[in-house]
Amino acid sequence: MALFNLAIDSKLRGCDLVRMKVVDVMASGQIKERASVLQSKTQKPVRFEISEGTRASLDRWMQDPLMVGSEHLWPGRFHERLHISTRKYARIVRKWVASIGLEASAYGTHSMRRTKVTQIYKKTGNLRAVQLLLGHTKMDSTVRYLGVELEDALAIAEAVEI
């Protein structure tokens, strides 16, 4: 549950999510309200909030015996693997999706990254906020990422009365 929640809150690519360390989310024995992670693709930090529900699930996860002495938030099962692989993460997501009766081929790890920003965009229409949350350097990337069309822009414009 902690992995699922943090995937949605962090809006990180799978490769960055699986590499997270305990210190990224915890300080002085408490789960942080906000965190920052260096993205492997851009080598730039991206900040994100950790919601109350996610903090609670992370706190429960930290109590798991598997976590004793672990530097990584999602430790691998074998000593030579410090953290779970992106493939393992993809298999976990596939199992989650199937367990709730959805078509597994329609969802993937990137669905987790896209979930929250899509809702933020739908509720606010604020592309700049979404750009910052995703760590995109170009607005064009964010527009393409969300699949923003002229119809979306017109619907937002129609909703604003001056």
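The structure displayed is predicted, hence computed values, not measured ones. (Residues numbered from 1 in each chain as written. Predicted model: local features only at pLDDT ≥ 70, side-chain atom pairs only at ≥ 80, totals over all residues. Heavy atoms only, no water.)

A. Geometry of the overall build of the protein chain. Check the secondary structure of the protein chain and you find nine helices and four strands. Helices and strands appear in the protein chain in the N-to-C order α-α-α-β-β-β-β-α-α-α-α-α-α. Here the C-alpha coordinates of the protein chain stretch approximately 60 × 35 × 30 Å along the principal axes. Scored against the burial criterion, the 162 residues of the protein chain give a buried share of 36%. For the protein chain, long-range pairs separated by at least 24 residues make up 51% of all intrachain contacts whose partners lie at least 6 apart in sequence. Here the protein chain displays about 10,300 Å² of accessible surface, and carbon together with sulfur accounts for 54% of that area. Averaging the locations of the 26 positively and 17 negatively charged side chains of the protein chain gives two centres separated by 7 Å. (Helix = DSSP H or I, 4+ residues; strand = E, 2+ residues; numbered from the N terminus. Buried < 20%, exposed > 50% of the residue type's maximum accessible area, 1.4 Å probe, protein only. Contact = heavy atoms within 4.5 Å. Areas by Shrake-Rupley, 256 points an atom, 1.4 Å probe, with all protein chains shown as cover. Lys, Arg positive; Asp, Glu negative; His and termini not counted. Charge placed at Lys NZ, Arg CZ, Asp CG, Glu CD.)

B. How the structure looks around the packing of aromatic side chains. Following the criterion strictly, the structure yields two aromatic pairs and no others. Seen from their ring centres, F4 and W96 are 5.0 Å apart, and the 90° between their planes marks the pair as edge-to-face. One end of the pair, F4, is in helix α1 (residues 2–10); the other, W96, is in helix α5 (residues 86–99), and 92 residues separate them in sequence. Cation over ring: R114 sits above Y145, and NZ or CZ is 4.4 Å from the ring centre. (Phe/Tyr/Trp six-rings, centres within 6.5 Å; stacked < 30°, edge-to-face > 60°. Lys NZ or Arg CZ within 6 Å of the ring centre and 35° of its normal.)

C. Structural detail: the environment of P75. Take P75: it is sitting in the loop between α4 (52–62) and α5. What P75 contacts, discounting residues up to four positions off in sequence, is W61, L66, M67, S70, L82, H83 and I84.

D. Geometry of a nonpolar patch on the surface. Where nonpolar side chains cluster on the molecular surface, the patch consists of I100, L102 and Y107 and spans about 300 Å² of accessible area. Along the chain, I100 turns up in the loop between α5 and α6 (109–124). Given a relative accessible area of 61%, I100 falls into the exposed group. (Patch = residues over 30% accessible without salt bridge, like charges linked within 9 Å, V, L, I, M, F, W, Y side chains within 5 Å. Salt bridge = Lys/Arg side-chain N within 4 Å of Asp/Glu carboxyl O.)

E. Representation of the pattern of salt bridges within the structure. Inspection of every chain in the model, using the stated rule, returns four salt bridges. The salt bridge partner of D9 is K116, with a shortest N-O separation of 3.0 Å. Of this pair, D9 sits in helix α1 while K116 sits in helix α6, placing them 107 residues apart in sequence. Notably, a salt bridge pairs K116 with E49, separated by 2.4 Å at the nearest N-O pair. Highlighted residues: K116 in helix α6 and E49 in strand β4 (residues 45–49), separated in sequence by 67 residues. Given the relative accessible area of 22%, K116 is considered partly exposed. Owing to a relative accessible area of 24%, E49 belongs among the partly exposed residues under this scheme.

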